[in-house]
Amino acid sequence: MAEHATHDQHAEAHESHSTRFYWMIGAILAVITAVEVAIFLVKDTIGHELFLAILFILSIAKGAGVVMYFMHLRGDARIFQLVFIVPFLLAVTLCLGFLTIFSHHVGIAG
Amino acid sequence: MAIAEQKLTSVSPATASSGSFPWRTWLATVDHKKIGIIYIVSAFVFFLLGGIEAMLMRVQLGTPNNTFLSADVYNQLFTMHATTMIFLMVMPMNVGIGNYVVPLMIGARDMAFPRLNALSIWLFLGGGLLLYLSFLTGGAPNGGWFAYAPLTQVQYSPTAGMDYWILGLGLTGIASIAGALNFIVTVLNMRAPGMSINRMPLFVWMNLVVSFIIIFAFPTFTVGSIQLLFDRQFGAAFFNPAQGGDAVLWQHLFWFFGHPEVYILILPVMGMISEILPVFSRKPIFGYSFVAFSGVGIGFLGFIVWAHHMFGVGMGPMANAFFAAASMVIAIPTGVKIFNWIATMWAGDVRLTTAMLYAIGFISMFIIGGISGITLASPPIDLQQTDTYYVVAHLHYVLFGGSILGLFAGAFYWFPKMTGRLLNERIGKIQFWLMMISFNITFFPMHIVGTEGMPRRIYTYEAGMGWDMWNLIETIGTFLLAFSVLIFIYNVLSSLRNGEVASNDPWDAATLEWTMPSPPPSYNFLHIPVVNSRRPLWDAKYPHAAGDDHHGPSSAPSQVRYEYTDEETEGAKDIHMPSLTFSPMIFSGGLTVASLGFIYINKDILGLPTRVAALGFILIGIVMVSIAIRGWILDSRKDSPYLSQHH
Amino acid sequence: MSATSHAHDEAGQAPLVGSLGVDSRKLGLWAFIGSETLFFTALITTHLIFYARTKADLAAKGMLEHMDPKLYLGIDLTTILAAILLASSLTMVLALAATKSKEWPKFRFWLLATIVLGSAFVLGQVYEFTHLYHEGLKLAPQYVYEGETVKSLFGVTFFVMTGFHGLHVTLGVVWLIAVYFKVRRFAASPENPMDVELVGLYWHFVDLVWVAIFTLVYLI
Ligand code: HEM
Ligand SMILES: [Cu+2]
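Reading the values: the criteria
Residues numbered from 1 in each chain as written. Chains lettered and ligands numbered in written order. Predicted model: local features only at pLDDT ≥ 70, side-chain atom pairs only at ≥ 80, totals over all residues. Heavy atoms only, no water. Donors = N, O, S within 2.8 Å, 3.2 Å for Na, K, Ca; no water. Helix = DSSP H or I, 4+ residues; strand = E, 2+ residues; numbered from the N terminus. Buried < 20%, exposed > 50% of the residue type's maximum accessible area, 1.4 Å probe, protein only. Contact = heavy atoms within 4.5 Å. Domains from an automatic or database assignment. Buried area = accessible area lost by both parts, 1.4 Å probe. Salt bridge = Lys/Arg side-chain N within 4 Å of Asp/Glu carboxyl O. Polar contact = N/O pair within 3.5 Å; in protein donor to acceptor, adjacent residues only side chain to side chain. Nonpolar A, V, L, I, M, F, W, Y, C, P; charged D, E, K, R; others polar.

All names here are of chain B. Of the protein atoms, His394 (NE2) alone serves as a donor to the iron atom of ligand 1, at 2.1 Å. A spacing of 4.5 Å is found between the iron atom of ligand 1 and the copper ion (ligand 2). Structurally, His394 is set in helix H13 (residues 389-419).

Shown next as structure tokens:
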């Protein structure tokens, strides 16, 4: 039964991080949140498109930080990545698909 | 594999368990095989209920201007018929057979989470019973199985029927998600050594794919029905255009789930067919990876075709074109499977057992349904056919001709493993032909009346529209079909009592479930087997044909019987299985009672007393759930080597 | 809670580590999180669709400037709530790190901190809901802003979406408390790190949903 643990996929590889590392990630996420709020307060001066673009990038970075480091998805077994990323992509499809269908351009909905 | 060969002798399962029925070992069971059987039996009972509803509708439609049923009752019947057949029959029947067979096929002792498994079956039953309770409490749901808004708003469906529908299906939905998570973990993580992903039986593959479809598709349905519940109970107006809501949003949310749902209904059955055809063709499946990966492909594509159910809404040319094209693309992986099945039989040493006949029946009827599906995927054609009997014909060719014929194939194939007795082949073949013929008598004319414009979901029609003769024929066909189901029931009951005793391996099959006694002991395997190919049992029996790339056997079926010796079964006492527990059942009972209360929390039926009673039900439900959670924790503590007090 | 692994105990494996070399409960939880992702996406998408419609209606009447329902949602409270949840994610991961190095007092401190922060979030949301209710935003297909009634689903979609998130946070707090007591009682159990990791995964996911809601609902 020696092959038991090894077939298909290597065992869970945990990157063990130090406590300091988590504090740093936490700090970065806090800073991102602060920046988000800051640009929200000045959104009228920077224009709507730029505001949206910055906001999306920041939120994606924030979410990715939580998933990769707090949830340890980075460096964890591949199956966990698969089981999360596939539905995430489906969710993006769902959201964009529905928003497109209900937009004024394609829409039935208007 | 430590299996001892012995003479073909067996304790008859009927005499072995004589005496009173061991209720406790069933109601508190966590054994995947017992749970599977509870699923199968209850799904079959719902099959009969759905069938009775269908017959009532067909009597009403047999002649024009008939007054056998009122319009209102007719609406309840078609809603409950479809809801039953889809959510309470085909889905749980698939789950039941999967529950029984999948752990055996991959060499596991049970599902990954046995208590969660028990929770699923009882939640499913709670949901089903709640749905049927509505017949007694003022009217069953009547808005159709896809519950189009705004018909389902309180103004238009004032009885509590739709609330029963939402909460009943909510409970079965939780059951489905919990069950699917269990299947995913079991299949991925409980395989025996050597049973790599690309050696898994195709039935296991399809169960894995379907489980993923379930956990990704059900949430939108859950959200949609929660919103509908808020509309009905708290005046939220999500789907009520008069107040700013959007009826079409319901359609999108529903069909984003609804189309994947039809694959939830068919893919496990395709998996069964992929097991049965090779065994009775004496050849390995043709193009294993194609069959497996086309299943995965169907799973993905199934999520981007949902709006082909909505061409009638008028989504505009862009959306129509996209969903039409995507729907036609999905026919490709489906076609791949069909060609693989045919190629498996091709030049094989085909044995026409009843199971094989049903499998072939599945392929032929499914082709017809697939073709009508492709015609419907074309918007100009669909605009002619949508909401007519042509759609009814399509869905019955894929769901009855497909799923249900395939399930009969599975029933004949695995019945000996589950019960230790074979079903009678002669009666089975008679029943097969009767069912095939009467199925086509019933449903083929629906293509014709559909193209002639007969709308679906009408409770009666005028004479002289050119539909009279066909409708009468369909009704006659229904009775023949019902008769063939009665023959099957007779076959099951008489075979259970005095059917031919099954060896462990009556079909000379290739997968692991046939290495065990029929039925297998609670712990399944004495020793977890080590697997070296896709066909472990054929390897053992026909060493010259072993290996992944080799042909299967073409000799006569093997008559050897594998039986655990007394000594070995004695040794099996050390195998530790989780203990009986009532907690899952109490949990689901609590949720069901609370759901019942929730239905009436905002209903003006008897004024205050109703609301007080409803609140009482909710509280009782919460208490039951709390008791169950406590019991659950204590049970898991008892079974854990780390948490019990003795360690 | 529900898992048994006896199928594999012959192989002399640690509990629940199966043919993929991963923990069964963790795999199940990740798959569940995947499913929940779609659940919240459907709720958020519904909200966005109806908010876009409300905005278009108001803009057509030239009323968007002062009648935008977004004006209800001051961002000061939300920013605090977002910060609380983010901080609770940090304390959660610190609790997990303490479990792995078996520093039990530290573990108890950080887990309790997570519980307190989580409860604070729930209380904050309760406060927000009552506040909005008094301001005229209700679970109804219209809202009253400065005396004027506007037909809109904003309140409905907002309360259902954030309400279900709040429900998830509440269940998460209950789970955290359960794990706290379980680990305290069975300090020697080798399952403890996994128990903490599982509730942690769920907790971070709930935080993740708030990251999305914060941006898509409050800021944009
Ligand atoms: C070749 C692949 C298929 C295609 C292109 C296809 C296409 C379609 C289309 C376009 C409709 C909508 C008709 C209308 O309402 O106007 C439809 C309805 C339906 N299809 Fe299919 N289909 C396919 C296979 C299947 C399969 C495999 C199943 C189930 C096992 C299935 C089950 C159904 C059901 C239940 C409905 C009716 C839903 C309702 O309106 O009540 N289809 N199909
Ligand atoms: Cu479809």
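Next, the rest of the story.
On to the environment of Phe218 of chain B. Residues and elements named next belong to chain B. Relative to the assigned elements, Phe218 resides in helix H7 (residues 202-234). Given the relative accessible area of 2%, Phe218 is considered buried. Taking the C-alpha atoms as reference, Phe218 lies 36 Å from Ile487; in sequence the two are 269 residues apart. Here Phe218 is in contact with Met91, Gly173, Ser176, Ile177, Ile213, Phe257, Glu261 and Ile264, once residues within four sequence places are set aside.

Here the focus is the domain arrangement of chain B. All names here are of chain B. Examined at the domain level, chain B breaks down into domain 1 (2-7 + 43-578) and domain 2 (583-647). One C-alpha centre belongs to domain 1, the other to domain 2, and the line joining them spans 31 Å. By the criterion of area lost to domain 2, the three top residues of domain 1 are Arg115, Trp122 and Gln233, representing 34% of everything that side buries. The interface formed by domain 1 and domain 2 contains one salt bridge. A salt bridge links Lys603 to Asp163, with the nearest nitrogen and oxygen atoms 2.8 Å apart. Linking domain 1 with domain 2 are seven residue pairs in polar contact (both at pLDDT 80 or more), by the criterion used here. Residue assignment for the side of domain 1 that touches domain 2 shows that the elements contributing at least two residues are helix H5 (114-133), helix H6 (161-189) and H7. It is H5 that provides the largest number of residues to the side of domain 1 that touches domain 2, a total of nine residues. Each residue belonging to the side of domain 1 that touches domain 2 can be placed in one class, and the counts come to 15 nonpolar, four polar and two charged.

Contacts between the two partners involve 46 residues from chain C, matched on the other side by 49 residues from chain B. Each partner contributes to the roughly 4,100 Å² buried at the junction of chain C and chain B, and carbon and sulfur atoms together form 67% of this total. Summed over the shared surface of chain C and chain B, the number is one salt bridge. Notably, a salt bridge pairs Arg53 of chain C with Asp246 of chain B, separated by 2.9 Å at the nearest N-O pair. The interface formed by chain C and chain B contains eleven residue pairs in polar contact (both at pLDDT 80 or more). Those elements that provide at least two residues to the side of chain C that touches chain B are helix H1 (24-60) and helix H5 (154-185) of chain C. For the side of chain C that touches chain B, the leading source of residues is H1 of chain C, giving 16 residues. Classifying every residue of the side of chain C that touches chain B by side-chain character gives 24 nonpolar, 14 polar and eight charged.

When the parts come together, some accessible area is lost, and that loss is often what is quoted as the size of the interface. Between chain C and chain A, the residue contacts involve 48 residues of the former and 52 residues of the latter. Among the residues of chain C in contact with chain A, Leu20, Trp30 and Leu219 of chain C are the three that bury the most area, contributing 15% of the side total. Put simply, chain C and chain A have one salt bridge between them. Asp76 of chain A serves as the salt-bridge partner of Lys26 of chain C, at 2.7 Å between the closest nitrogen and oxygen. Put simply, chain C and chain A have two residue pairs in polar contact (both at pLDDT 80 or more) between them. Among the elements of the structure, H1, helix H3 (75-100) and helix H6 (192-219) of chain C are those that each provide at least two residues to the side of chain C that touches chain A. When its residues are assigned to classes, the side of chain C that touches chain A shows 30 nonpolar, twelve polar and six charged.

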